[in-house]
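Reading the structure
Residues per chain, in single letters:
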Amino acid sequence: MTSSAQPRPVGSRALRRRPQLSDDVAVHVRNRIMSGGVRPGEFIRLDETAAELGVSVTPVREALLTLRGEGLVELVPHRGYVVAPLSRGDIDDLFWLQGQIAEELARRAAQSITPETVAELTELNEQLREAVRASEGARIEDIEFVFHRTLNRAADAHKLSWFLLNATRYTPASFYSSDPDWGGAAVQSHSDLIEALARGDSDTAGEVTRRHFTDGARRLVRHLDEVGVWN
C-alpha cells in the first residue's frame with residue numbers, strides 16, 4: 001500500500017538522481033527493512049549496498065546515518081550498522097498514525113473538493129487500473145503518489161500533509177506494487193473514495209481511507225510473519 005505522499009522507492013538498479021543520492025539510498029534500504037528483505041539483527045554492509053545500487057560508499061554511509069536517526073538501524077562499534085528491532089506493534093503503530101492523518105485529510109477534502117479535482121482523481125484511478133493489469137510496478141507507485149498528493153492538496157491542510165509525508169516514508173511501496181491482489185483492492189478503494197468525495201460525504205471518505213490503511217497493515221504483517229521476521 002502506498003499512502004499519500006511517498007515518492008516511488010528505488011529498486012536494485014543503479015541510482016541516477018545525484019543531488020538526492022543519499023536520500024534515494026535511504027529509501028531503498030528503508031524499503032528493504034520494512035518489507036523484511038533484511039531482518040532485525042542483520043548487518044547492512046556499506047560496500048555490498050554500494051555495489052548493488054551502483055554508487056560509492058559515501059551516499060550509503062550518509063543514508064545509514066539518516067536511518068540511524070530514525071531508529072531503523074543501530075551502529076555497532078567496529079562492526080557497522082545492524083537492523084534495529086522491529087515488532088508487530090511497531091507496524092501497527094505506523095499504520096495507525098498514517099491512517100489517522102490520512103482519514104482526517106480525506107474528511108477535509110470531501111468538504112472542499114471541486115468537480116475538476118474529482119475528475120482528475122478519476123482519471124488517475126483509471127491509469128492505476130491499467131498499470132495494475134499490466135503489472136507495471138514502478139508506474140503503480142508513481143500513480144499512487146500523484147493520486148494521494150492530489151487528494152491531500154484538496155484538503156488544504158499543509159502541515160497535516162507534511163506529517164503524513166514523513167509517516168508514509170516507512171511504507172514499503174514496492175512490496176505493495178508487486179502484489180496484484182493489493183492493486184485490485186487499491187483501485188476499488190479509490191473508486192469508493194472518489195464516490196464519497198463527489199457526494200461531499202466526509203464520514204464515508206474517512207471510513208474508506210481508514211479501511212485502506214488497516215488492510216495495508218494486515219498485508220504487511222502477514223508477509224513479515226511468512227518470511228519469519230519475528231523469529
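Just so you know, these numbers come straight off a predicted model, no measurement behind them.

Conventions we followed
- Each chain carries its own residue numbering, running from 1 in the direction its sequence is written.
- Predicted model: local features are reported for residues with pLDDT of at least 70 only, side-chain atom pairs are reported and counted for 80 or more only, and whole-chain, interface and lining totals are derived from all residues.
- Values shown for side chains rest on all heavy atoms present in the structure; no hydrogens or waters enter the calculation.
- Each helix is a run of H or I in the DSSP string that is no shorter than four residues. Each strand is a run of E no shorter than two, and both are numbered from the N terminus.
- Any residue under 20% of the maximum accessible area for its type is buried, any over 50% is exposed, and the rest in between are partly exposed; the area is computed with a 1.4 Å probe on protein chains only.
- The contact criterion used is simple: two residues touch if any of their non-hydrogen atoms lie within 4.5 Å.
- Using the Shrake-Rupley algorithm and a 1.4 Å probe, accessible areas are obtained, with residue cover drawn only from the displayed protein chains.
- A residue counts as positive if it is Lys or Arg and as negative if it is Asp or Glu; His and the chain ends are not included.
- A single reference atom marks each charge: NZ on Lys, CZ on Arg, CG on Asp, CD on Glu.
- The length a helix should cover is 1.5 Å for every residue beyond the first.
- Cavities and pockets were defined on a 1 Å grid built over protein atoms only: a cavity is a set of grid points that admits a 1.4 Å probe from which the probe cannot escape, a pocket is an open set flanked by protein on both sides within 12 Å along at least five of seven lines, and lining residues are those with an atom within 4 Å of any such point.
- Grid points are joined across faces, edges and corners, and a volume is the space filled by probe spheres set on the points.
- Classification used: nonpolar for Ala, Val, Leu, Ile, Met, Phe, Trp, Tyr, Cys and Pro, charged for Asp, Glu, Lys and Arg, polar for all others including Gly.

Let's talk about the overall build of the protein chain
The helix and strand tally for the protein chain stands at 10 helices and 3 strands. Starting at the N terminus and ending at the C terminus, the protein chain contains elements arranged as α-β-α-α-β-β-α-α-α-α-α-α-α. In terms of principal-axis extent, the alpha carbons of the protein chain reach across some 60 × 35 × 35 Å. By residue count, 48% of the 231 residues in the protein chain fall in the buried class. Across the protein chain, the fraction of contacts at a sequence separation of at least 24, relative to all contacts at a separation of at least 6, is 76%. When the accessible surface of the protein chain is split by element, carbon and sulfur atoms take 49% of a total near 11,300 Å². Mean positive and mean negative side-chain charge positions of the protein chain (28 and 34 charges, respectively) differ by 4 Å.

Section: helix H1 (residues 21-34)
Over its 14 residues, H1 extends 20 Å from the first C-alpha to the last, a length consistent with the 20 Å expected when each residue adds 1.5 Å. Among the 14 residues that make up H1, 11 are buried, leaving the element largely enclosed by the rest of the structure. Along H1, the positions that sit buried rather than exposed are Leu21, Ser22, Asp24, Val25, Ala26, His28, Val29, Arg30, Asn31, Ile33 and Met34. Of the residues trailing H1, Gly36 is marked for its positive phi of about 85°.

A closer look at unusual backbone geometry
With phi around 70°, His78 is a residue other than glycine that occupies positive phi space. Mapped onto the secondary structure, His78 falls in the loop between strand E2 (73-76) and strand E3 (80-83). Given the relative accessible area of 87%, His78 is considered exposed. With phi around 55°, Ser135 is a residue other than glycine that occupies positive phi space. When you line up the elements, Ser135 lands in the loop between helix H5 (115-133) and helix H6 (137-155). In this structure Ser135 comes out as exposed when scored by relative accessible area, which is 58%.

Considering the environment of Gly37
In this fold, Gly37 is placed in the loop between H1 and strand E1 (43-44). According to the relative accessible area criterion, Gly37 is partly exposed, its value standing at 43%. Residues Gly37 and Val229, 192 residues apart in the sequence, show an inter-C-alpha distance of 9.1 Å.

Quick word on empty space enclosed by the protein
Summed over the entire model, instances satisfying the criterion amount to 2 cavities of 30 Å³ or more. Approximately 40 Å³ is the volume found for the second largest cavity. Every residue along the wall of the second largest cavity is listed here: His28, Val29, Arg32, Val38, Ile44 and Thr49. Considering only residue class, the lining of the second largest cavity consists of 3 nonpolar, 2 polar and 1 charged.

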